[in-house]
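Examination of the molecular architecture
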Amino acid sequence: MLYLHTFGLPQTTITPTSLPPSRVNHENAANQMEQASPYQSPSTNNCNVDAVGVSGQCIIITKLKATNVAAGLRRIPAGFYVGIFIGNNHWKTTNNPVCPTSGVTEWNDLIDLPSDLSAKVNIRIYASFELGYTLGQGELLRNIFIPVSLLLECSQNSRSIIFNPKEQEVVSSCSSLEVMLGVCSPSDRVVLCQPPGERVESRRHDEVSLDQQTDIGHNHLHHYYKDRQEFRLDNAITVFKHVVDRCPSHHPGRSAALSNLAMAKFTSCQARGVHLDLDEPIHLYQEVLDLRPPGHPDHASTLINLTIALLSRFRGRGCITVADADEAEELLRRSLNICSPHSHEYRAAFLVKAFSLHRRGDEMPSSYNLPQAASESWRLPYSVNELASLLRECQRRDDPRLLDQLIEQHQDNMKYFVTEGQEWVVLQKNLIAALQLRFERQGQMQDLDDAIQHGRVTAIRYPNDSVMLNNFGNVLLRRFQQRGDGKDLDEAIQHHRTALQLIPEGHPDHSASLNNLATALLTQFQQQASLNSLANVLSTRFEQQGDGKDLDEAIQHHRTALQLTPEGHPLHSGSLNGLATALLTRFEQQGDGKDLDEAIQHNRIALQLMLEGHPDHSSSLNNLAAALSRRFEQQGDGKDLDEAIQCHRTALQLMPEGHRLHSASLSNLATALSIQFQQQGDWKDLDEAIQHHRTTLQLRPEGHPGHSASLNNLATALLTQFEQRGDGKDLDEAIQHHRTTLQLRPEGRPLHSTLNNLANALSTRFKQQGDGKDLDEAVQHHRTVLQLMPEGHPLHSASLNNLANALSTQFEQQGDGKDLDEAIQHHRTVLQLRPEGHPLCSSSLNNLAIALSTRFRQQGDEKDFDEAIQHHRTALQLTPEGHPHHSGSLINLANALLRQFQQQGDDSIIKEALQHAHAAAKQSLSPSNQQSAQFSLAHIHLSLWQTKHIMQDLEDAMHHYKLAAQFPSASPLERLNCSLTWVSVAEDHLHASALDAYTQSLHLLDSHVSATTTISSRHQVRIHFPQDLAVNAASCALRQGNICHAIELLEQGRALHWTQLARFRSTLDEFASCDTRTAMLVNQFQHLSAMLNRPADVSAEEDYSIAAIEAKVNHYRDLLEQWNKVVEKIRALEGFSRFLLPPLFRELQEAACKGPVIVLIASKFSCDAVIILHTQSPIHIQLKITWKQMYDLVAKHVQNIHNSYGPDHNVFVETMGRIWKIVVFPVVCELKKKLKKNSRIWWCPTSLFTALPLHTAGEYQQGGSVLSNLFISSYTPSLSALIKACKGLKMTSDVKFAAIGQAAPHSNMSFQPLQYVEAELDDIKRLLPTPSVIFTKLTSSESTRQEALQSLQDHQWFHLSCHGKQVFKEPFKSCFLMLDGPLSLQDIINANISGHEFAFLSACETAMGDFSAPDEVIHLAAGLQFMGVRSVIGTLWKVGDELAYKLVSAFYKEFCKSGTLNCTMAAEALHKAIALLAKENVPLEERAMFVHIGI
């Protein structure tokens, strides 16, 4: 009954445009109306028709039926209705919901039509967003004009009016409308729907005006959904606000008006990604819900809208709004309970529930589920039309990230549409197009496979869709061109034939379909049209396709050829070499040593027949050497390797420089030398090998056919050198060479070996540096390689093995058991392909055993463990002493035996494990194996201690952990992981070495993080390691009674990012007068520091290729290495031994030069306070609270201050009293012994303490002691920052002061305009002492990012009055909102504003940290102080505009009353200003947010 229009994109689909003659399409309905002749009824049974009308009878609409009315809508509709307009009259049907399963909406209203068949009827279909009282008409979906005669014709023939998608849309709401008519006599008694003019109740003029205003707002929203112009959202919000203002609390339309405003504001938050502003739409929805209690027709839809908003806020803010998730869950449950399972509301609620669970990733209770904020995860899926628009954009420009996002969104949206619906079909077609597009641009075969998989599913359900079949055939043909699988080609031809049959001759797409079929047939002809020398062709085809039958047949033909060319025949030696080569190839595939021995025998005979002087003598030497090297790798007989190297050296002498094969001979010798190094460990072999590879590369410049092979060989040798020496530059260079090889690969050249080598190198680098992108890329490459080497291919087992190893590593990283199961499955397959006797059997046994052991630890199945041990024993037997893999097999077996001992407790087992581990430590030449042996010994001795309780075992365990953590040849990451294990074990067993372990770990963490190129990337690296490492280290030192060392460790481990920046910005004033040599070092240091301190072009980096980005990273690391060498030379100078080393406690005491500093430490082991005094010993106070109790207190406080209705005063006061009792009061008791009343003190909180307003602590409920009545509190993010602020204080006669205001940032219009900004700046100007201050003012119209940043650089004193935003996930993107965009913390850091005196940050959340993040202080106020601003005032949470204005005025009155400006007086001025607010009865929770940081 419906004409299904094919929704595809012209670049990837063939779209039919002709329409079946028996169906009506509204696009050409106008022409039909103008040309239609009077309706002639084919039957007289139903009605009598003449040329003018229906004689003596009335025509009425009896039923209207529309399909897919909800398709493509971005809002959840409550119902749908139809408006019928005839002349000056119009009718409106009832407002009915849609059936989500059938997609059909029906109206049974009876509507009278004119008897004049030529009269035109205007039919409008609307979506309504209320079922109860409505404002406005809603969203207009379809609008058509059609004569009565055509309606009668369609009704009698049961035909529908078909709607094509609207312009620039792939799927539009309402795809068809069926109008059923009836004819009755005037005497028939029927109840007709009355036009509004005839109704008893007519709407008043003001209500009509409200309707019109509401329609204008909906129109703005509708246009926004089409063009995404954000000003349309602002217009909609303005209009809807006006409507709300005109609907007082008693007005029946107030709930609808509030709901419309809430939706517009929510959409604005989504569009701009501003989750902090979701409080307002949530508050509005809650008010709507109050006006629509249970039983109200719109109660369910309101519940759903509120749920979506709460989930969005939860996703945007993470753990601080965990109550939102709980409330959303309850609202969803209520909505599902009250909605009919067949209602649209029920489907919407179910979709939201599924979406929220999908985004959560688990089914834990929401109170325990604390996900990190995510920029996109809180948004609902894209519409089909939006995805189609994105696909067109991807086709226009090459944006890999956009294309990846598009494919991900398509795949995500699939689950929300039934397979019978048209939206699902469109999604499938466009997903196939997107996958093929990504393949063409990126060459990942997985995309072609996925496209084909989706094509099969769609083709099965829609076998007569010619567009689908053509596209599917093209994708299959493309895969055949990549892999050469004839089945793909045959199937492609079949689909193209079927598509051609479905597109008759004369159809506009007929020629295109013919062309597709012709292309496929031509490809098939080209595949079948070549023959060559039979044996060589079979060998070649085997290499390409891996069919063992081809290889066996080739060998048979070579044997026949050898028989036909007996000894003495001129081709005898050539036949010997050909047979030997084929046998060696079969050995590589099947591992039969007889093939290898026979190949060597034939090579020897051939060499004897080609004496020195023979033109092929050197080639024969190379062939024999290659076979001997391969036998050495299988059997480990050093004589074979020695002979191979000798053959290669002789061949090289016969092919001196200038010989056409000189470079090939050099390469072969280098490869053999690398093998010898791995066997004997002589560095001269590896050095010579790398030298030969570099020479070969020079002889084979780009363009040379062997250039790529030389790059690959050099990369392999460099990777070997890295594995032995641990120099990261070797690894980076190897990866760079592999990438270059991949880029230079000629079209048609096999891809698998290059991708495989790159993937292995990336896996290695992941293990060294821990960057998950390397591992993801490695797994992706290995999967691609496996597709290129299917079952039967000679390298299939190697590819499976590499993928399995990468999946095992991925499991260790991400914990997905599916990865481990897949890895084990692949290892089993590999082992079947490498039976005993195969040269790689032992490696496969070890790999499978390790994977099984890992699964045993996860699942506890003893069968896995027993099998693992058996495999390890077999592997050791296959790699006897002297074998290159002997030490690795010893370590693997020792580790497995240790686990068996832990299960069974048999002493003989642990003794054997200890014996193997010691043997491995003595015999291993590989640094990684040596470190692994030490680690294994540590675990074994620890297990002995746990069972035997012999103290020496515990001491030995700690000794070996220390050796592993300090192993010089291992990478910093490997050593760091060992050191962290040492920390954990030492803490668990209360061992004294725990403090050394912490010290080592903090040093290694600093080294690892500092090797990262950008500030933001350092932050991402840091979050992968224990967040509480520094506070736990400090706690350990305190528990051992070493207070000074505790403070040193805490300072070393916190603020790593700021410390790194400070190193590169050191001024070196102490070197003002120095000798020539020292001056040269200073110049080198300053030059390298400037290079390393250059701002990273974060935005541009996304446009670079991976190779270009890695080149930048390598360059950075080279500079860092040079910088470290210069620093070491400076430390060698007399008096500078501690240059840029972590400060000692005596240096850190300078932080207390103006008053005591209280360091608060929250560790899982203890909570402590340390009072640092300038010239006296520090005071340690152990706080009587556990970490868990502290966490609960902080979580309660954070949830309270972020309450959408504002903080609860009583809860806040209660929290401040609790903080006073358990934290502040014990400190105050000690301070009273040292200080006078109203003295200044500084708080340096860590971990959980950073979230608390410590300066507000007190017993407010009882009228007791309050900290602010005793001392003036300031904060410092670290001791070093406070020391820097205290240095170089200067009083100048002229002060350059900038006041920067921004009331309404253009790019963030979702923020409410600030009403007091201009008044605030004017007050500052009025209050500043005029003679001594040079005042600059930037108004809202002037405050762009660049102008504001320039003002910050030019003025040492500044005041910012604007919106502020703290970004928890990426804190360096925290920002002040300017006229043209955000001024981020990253921008300020890059600007380098050192030496500034004072900053007042009159904005929200400028001093708000994230206690759930690593123990780093990263917010706007702290950033300014770290960068060099000595005195900063900021806010801990959201501040009201008027309150900020009052505080600012009071502050500057106090600050400027002396007539001069002194940044050291800012804390006292703020203290008094806050006290003044208290007298004005400003609530405590509002006063508490203002804090002073710095001197």
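Source: prediction; values computed, not measured.

**Focus: helix 54 (residues 1441-1455)**
With 15 residues, helix 54 should cover 21 Å at 1.5 Å per step; its first-to-last C-alpha distance of 21 Å lies within 8% of that length. Within helix 54, the full set of buried residues consists of Asp1441, Leu1443, Ala1444, Leu1447, Val1448, Ser1449, Ala1450, Phe1451, Tyr1452 and Phe1455.

**Comments concerning helix 41 (residues 1043-1053)**
Most of helix 41 is tucked away: 9 of the 11 residues are buried. For helix 41, the complete set of buried residues consists of His1045, Ala1046, Ile1047, Glu1048, Leu1049, Leu1050, Glu1051, Gln1052 and Gly1053. Just downstream of helix 41 lies Ala1055, where phi reads positive at about 55°.

**Regarding the nonpolar core**
Counting residues in hydrophobic clusters, the biggest one holds 170 residues, and the most contacted among them are Phe1451 and Tyr1452. Ignoring sequence-local partners within four residues, the contact set of Phe1451 consists of Phe1398, Phe1400, Ile1433, Ala1466, Ala1469, Leu1470 and Ala1473.

**Quick look at the packing of aromatic side chains**
Counted according to the given criterion, the structure contains 20 aromatic pairs. Taken together, the ring pairs connect Phe1297, Phe1335, Trp1357, Phe1398, Phe1400, Phe1451, Tyr1452 and Phe1455 into an aromatic cluster. The aromatic ring of Phe85 is capped on one face by Arg124, whose charged end is 3.9 Å from the ring centroid.

**Details of the confidence of the model for the chain**
Per-residue pLDDT for the chain averages 79, and the proportion of residues at 70 or more is 79%. For the stretch residues 197-202, pLDDT sits under 50, and the model shows 3 contacts to residues farther than four places along the chain or on other chains. Low pLDDT, under 50, characterises residues 510-546; the predicted model gives this stretch 67 contacts beyond four residues in sequence or across chains.

**Observations concerning the pairing of strand 5 (residues 104-107)**
Covered by surrounding structure in strand 5 are Thr105 and Trp107 only, the residues Val104 and Glu106 on the alternate face being uncovered. Two elements, strand 2 (residues 58-67) and strand 5, share 4 bridges in a ladder whose sense is antiparallel. Note on strand 5: the bridge partner recorded for Lys65 is Glu106.

Procedures and definitions
- Residues numbered from 1 in each chain as written.
- Predicted model: local features only at pLDDT ≥ 70, side-chain atom pairs only at ≥ 80, totals over all residues.
- Heavy atoms only, no water.
- Helix = DSSP H or I, 4+ residues; strand = E, 2+ residues; numbered from the N terminus.
- Expected span 1.5 Å × (residues − 1).
- Buried < 20%, exposed > 50% of the residue type's maximum accessible area, 1.4 Å probe, protein only.
- Core = buried A, V, L, I, M, F, W, Y, C linked by side-chain atoms within 4.5 Å.
- Contact = heavy atoms within 4.5 Å.
- Phe/Tyr/Trp six-rings, centres within 6.5 Å; stacked < 30°, edge-to-face > 60°.
- Lys NZ or Arg CZ within 6 Å of the ring centre and 35° of its normal.
- pLDDT = per-residue confidence, 0-100.
- Pairing = 2+ DSSP bridges.

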